[in-house]
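# Secondary and tertiary structure notes
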Amino acid sequence: MSSANQQRENWGSRVGFILAAAGSAIGLGNIWKFPYIAGEHGGAAFIFIYLICIAIIGLPVLIAEILIGRTGKRNPVGSFKFLSKSKIWTSVGFMGVAAGFLILSYYIVIAGWSLGYIIEAVKGTFYDFNQVNTSSSYFESLTGNTTWTISFMLLFLSITMVFVYFGVQKGIERGSKIMMPVLLILLIVSAVKGISLPGSDKGISFLLEPNWDLVTGNSILVALGHAFFTLSLGMGAMMTYGSYLKKDSNIFSSSLQVVFLDTIIALIAGLAIFTVVFATQQNPSAGPGLIFHTLPIVFTKMSGGYVFSILFFLLLSIAALTSAISLLEVVVSYFVDEKGWTRHSAVIVFGGVTFLIGVPSALSFNILSDFHIFGLNFFDLADYITANIMLPLGGMLISIFVAWVWGLNKSLVELKLGAEGLFENYPIIIKFWKIFVKYFAPVLIFLVLLNSLGIL
Ligand code: PHE
């Protein structure tokens with residue numbers, strides 16, 4: 001054990017861990033991605049499938065991940081090494097660290113746009129837009145400007161680095177405790193505003209009345225893939241956060257709270273966005289540009305839109321920040337635990353490396369837009385490889401590891417620590433968890449993977 005390990009930090013409080021883990025989960029996935037994929041796949045019907053995926057796969061795998069981390073007390077590579085001597089399993093940890101790098105490298109591009117849009121909102125730029133075309137061409141001119149994209153990407157990454165630099169309690173936990181309540185308040189205010197607009201009821205029905213015609217086999221797979229992305233599963237972020245937990249913490253109830261917060265925030269974000277989209281007669285299935293093209297027009301059409309546009313992009317940036325922090329922490333914890341680096345040098349060096357890997361993603365919207373690998377530009381490729389392949393693969397291997405390699409008996413002993421009485425009173429929880437981790441998760445995720453690879 002390295003000396004760095006002996007002084008390993010812990011969360012200062014139970015709520016600190018829950019807010020940090022919820023901060024990792026709640027991000028661009030909830031506010032940017034979830035509403036537009038729900039819009040593309042038929043609204044309520046898609047949401048219904050997504051909720052089932054979260055319950056039967058997301059929650060059990062989240063518990064498994066936190067459990068490995070708390071037991072291993074290290075980064076993903078070190079935790080697998082602690083629980084199994086086999087190289088195969090340490091390589092699952094490596095894949096997580098690599099995924100952390102890669103996700104962060106394109107995540108900071110969109111997060112940078114969001115920061116840049118706070119400035120645009122303050123400048124009142126959106127009032128020049130009166131239709132989607134002007135709004136989308138303005139968006140394209142900004143993202144097409146390399147200086148604009150790269151500067152905001154760098155600014156966002158630097159803010160992320162500051163939090164990780166100050167460590168688990170002073171940086172991540174303290175930041176989450178301030179940012180998460182602010183995020184929740186901003187989002188609720190936006191949703192209340194959305195609901196109060198005339199014509200918002202159509203947006204509410206879009207979210208509540210299922211339209212099964214738009215649901216295809218692919219929708220189910222998109223829902224499952226998104227369940228992984230939104231809960232930060234399959235790449236060791238939750239494992240790393242779990243490694244800072246004390247043995248007396250109740251993993252089951254903490255996981256349940258994280259899943260609840262993540263899901264409720266995605267639903268409130270959907271409500272906030274679709275009520276305004278319908279109230280102003282915009283297209284709900286506008287795709288990835290929904291937030292950046294459509295919402296700015298929406299803001300100019302509502303009273304108080306100036307203030308709401310600033311608040312909205314602030315909210316999006318905060319959500320992205322608490323997720324980006326967890327991505328960088330996976331990489332940093334690996335170099336601190338396994339290679340004996342100091343936290344400070346790991347943050348500076350790997351923040352720098354992330355920036356370099358992120359540049360081609362940022363340039364995918366301008367000078368490198370015609371540069372394709374397997375038919376995808378750099379940004380889309382990084383997104384595709386991580387969200388559709390690495391995360392589901394990691395999640396499948398994590399559930400196989402816990403159920404079949406480490407073994408359910410040993411893992412249950414660990415799971416019961418800190419949860420005294422809960423499983424005796426509700427043995428059904430254990431029964432379900434066992435079935436889900438052992439059979440449902442590996443098999444269903446395997447199907448998603450085949451689909452991602454175009455085999456199914
Ligand atoms: N869960 C984050 C989101 O919804 C993304 C993320 C994925 C963060 C994987 C960490 C690890 O935006």
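Our structure's up above, just so we're on the same page.
Residues numbered from 1 in each chain as written. Predicted model: local features only at pLDDT ≥ 70, side-chain atom pairs only at ≥ 80, totals over all residues. Heavy atoms only, no water.

## So, the site of the ligand
In the neighbourhood of the ligand, 14 residues make up the surrounding shell, with Ala25, Gly29, Tyr107, Phe229 and Ser232 lying closest. Threonine 230 places a main-chain nitrogen or oxygen 3.2 Å from a nitrogen atom of the ligand. Isolated, the ligand exposes 330 Å² of accessible area, and the fraction of that covered by the protein chains is 100%. Mapped onto the shell around the ligand, the elements with two or more residues apiece are α2 (14–25), α3 (28–40), α11 (217–230) and α15 (305–339). Tallied by class, residues from the shell around the ligand come to six nonpolar, eight polar and no charged. (Near = heavy atom within 4 Å. Polar contact = N/O pair within 3.5 Å; in protein donor to acceptor, adjacent residues only side chain to side chain. Areas by Shrake-Rupley, 256 points an atom, 1.4 Å probe, with all protein chains shown as cover. Helix = DSSP H or I, 4+ residues; strand = E, 2+ residues; numbered from the N terminus. Nonpolar A, V, L, I, M, F, W, Y, C, P; charged D, E, K, R; others polar.)

## What about a nonpolar patch on the surface?
Together, Trp404, Val405, Ile435, Tyr439 and Phe440 give the surface a local cluster of nonpolar side chains, amounting to about 480 Å² of exposed area. Listed by contribution, the elements that provide at least two residues to the nonpolar patch are α17 (378–416) and α19 (427–452). No other element matches the three residues that α19 contributes to the nonpolar patch. Taking relative accessible area as the criterion, tyrosine 439 reaches 45% and is therefore assigned partly exposed. (Patch = residues over 30% accessible without salt bridge, like charges linked within 9 Å, V, L, I, M, F, W, Y side chains within 5 Å. Salt bridge = Lys/Arg side-chain N within 4 Å of Asp/Glu carboxyl O. Buried < 20%, exposed > 50% of the residue type's maximum accessible area, 1.4 Å probe, protein only.)

## Some words on the nonpolar core
Grouped burial of nonpolar side chains is what soluble globular proteins tend to show. Core analysis: the biggest nonpolar cluster contains 168 residues, and Ile291, Phe292, Phe313 and Trp433 have the highest contact counts within it. For this core, the element with the highest residue contribution is α15, accounting for 20 residues. Apart from residues lying up to four places away in sequence, phenylalanine 313 is in contact with Ser114, Tyr117, Ile118, Phe126, Ile291, Phe292 and Phe299. (Core = buried A, V, L, I, M, F, W, Y, C linked by side-chain atoms within 4.5 Å. Contact = heavy atoms within 4.5 Å.)

## Here's the deal with the packing of α3 against helix α14 (residues 290–301)
Direction vectors running N to C along α3 and α14 enclose 90°, while the axes themselves pass 10 Å from each other. Taken together, the axes of α3 and α14 lie roughly perpendicular to each other. Listed contacts from α14 to Ile31, Trp32, Pro35 and Tyr36 of α3 are Leu290, Ile291 and Phe292. Looking at the contact of α3 with α14, its residues break down into seven nonpolar, no polar and no charged. (Axes fitted to C-alpha atoms, helices over the stretch in contact; angles between N-to-C directions. Parallel < 35°, antiparallel > 145°, perpendicular 65-115°, else oblique.)

## Points about the packing of aromatic side chains
The final tally for this structure, using the stated rule, is 42 aromatic pairs. Aromatic side chains phenylalanine 94 and tyrosine 334 sit 5.6 Å apart centroid to centroid with 65° between the ring planes, which places their arrangement in the edge-to-face category. Separated by 240 residues along the polypeptide, phenylalanine 94 in helix α6 (residues 87–123) and tyrosine 334 in helix α15 bring together distant segments of the chain. Accessibility expressed as a relative area gives 7% for tyrosine 334, which makes it buried. Measuring from centroid to centroid gives 6.3 Å for tyrosine 117 and phenylalanine 139, while their planes differ by 65°, and the two rings are edge-to-face. Of the two residues, tyrosine 117 sits in helix α6 while phenylalanine 139 sits in helix α7 (residues 132–143), which places them 22 residues apart along the sequence. Like phenylalanine 139, tyrosine 117 is buried. One residue, lysine 33, lies across the ring of phenylalanine 229, its end atom 4.2 Å from the ring centre. One residue, lysine 438, lies across the ring of tryptophan 404, its end atom 4.8 Å from the ring centre. (Phe/Tyr/Trp six-rings, centres within 6.5 Å; stacked < 30°, edge-to-face > 60°. Lys NZ or Arg CZ within 6 Å of the ring centre and 35° of its normal.)

## Considering the environment of methionine 238
As for its position among the elements, methionine 238 is in helix α12 (residues 237–242). Classification of methionine 238 by relative accessible area gives buried; the value is 0%. Put simply, methionine 238 and glycine 16 are 222 residues apart on the chain and 14 Å apart in space, counted from C-alpha to C-alpha.

## Describing the layout of surface pockets
Roughly 770 Å³ of internal volume is contained in the largest pocket. Considering the residues around the largest pocket, the lining is formed by 33 residues, among which Lys33, Tyr36, Pro288, Asp380 and Asp383 are closest to the centre. Elements with a contribution of two residues or more to the lining of the largest pocket: α3, α6, α7, α11, α14, α17 and α19. Top element by residues in the lining of the largest pocket is α17. It accounts for seven residues. (1 Å grid on protein atoms, 1.4 Å probe; cavity = no way out; pocket = protein on both sides within 12 Å on 5 of 7 lines; lining within 4 Å. Points joined across faces, edges and corners; volume = space filled by probe spheres on them.)

## Considering helix α4 (residues 44–72)
Taking 1.5 Å per residue, 29 residues should reach 42 Å; α4 reaches 40 Å between its end C-alpha atoms and fits that length. The largest bend along α4 measures about 40° and falls at isoleucine 54. Of all the 29 residues making up α4, 25 are buried; the element is thus mostly covered by neighbouring parts of the structure. Immediately beyond the C-terminal end of α4, within one or two residues, lies lysine 73, with a positive phi of roughly 55°. (Expected span 1.5 Å × (residues − 1). Bend = angle between axes of the 7 residues up to and from the residue.)

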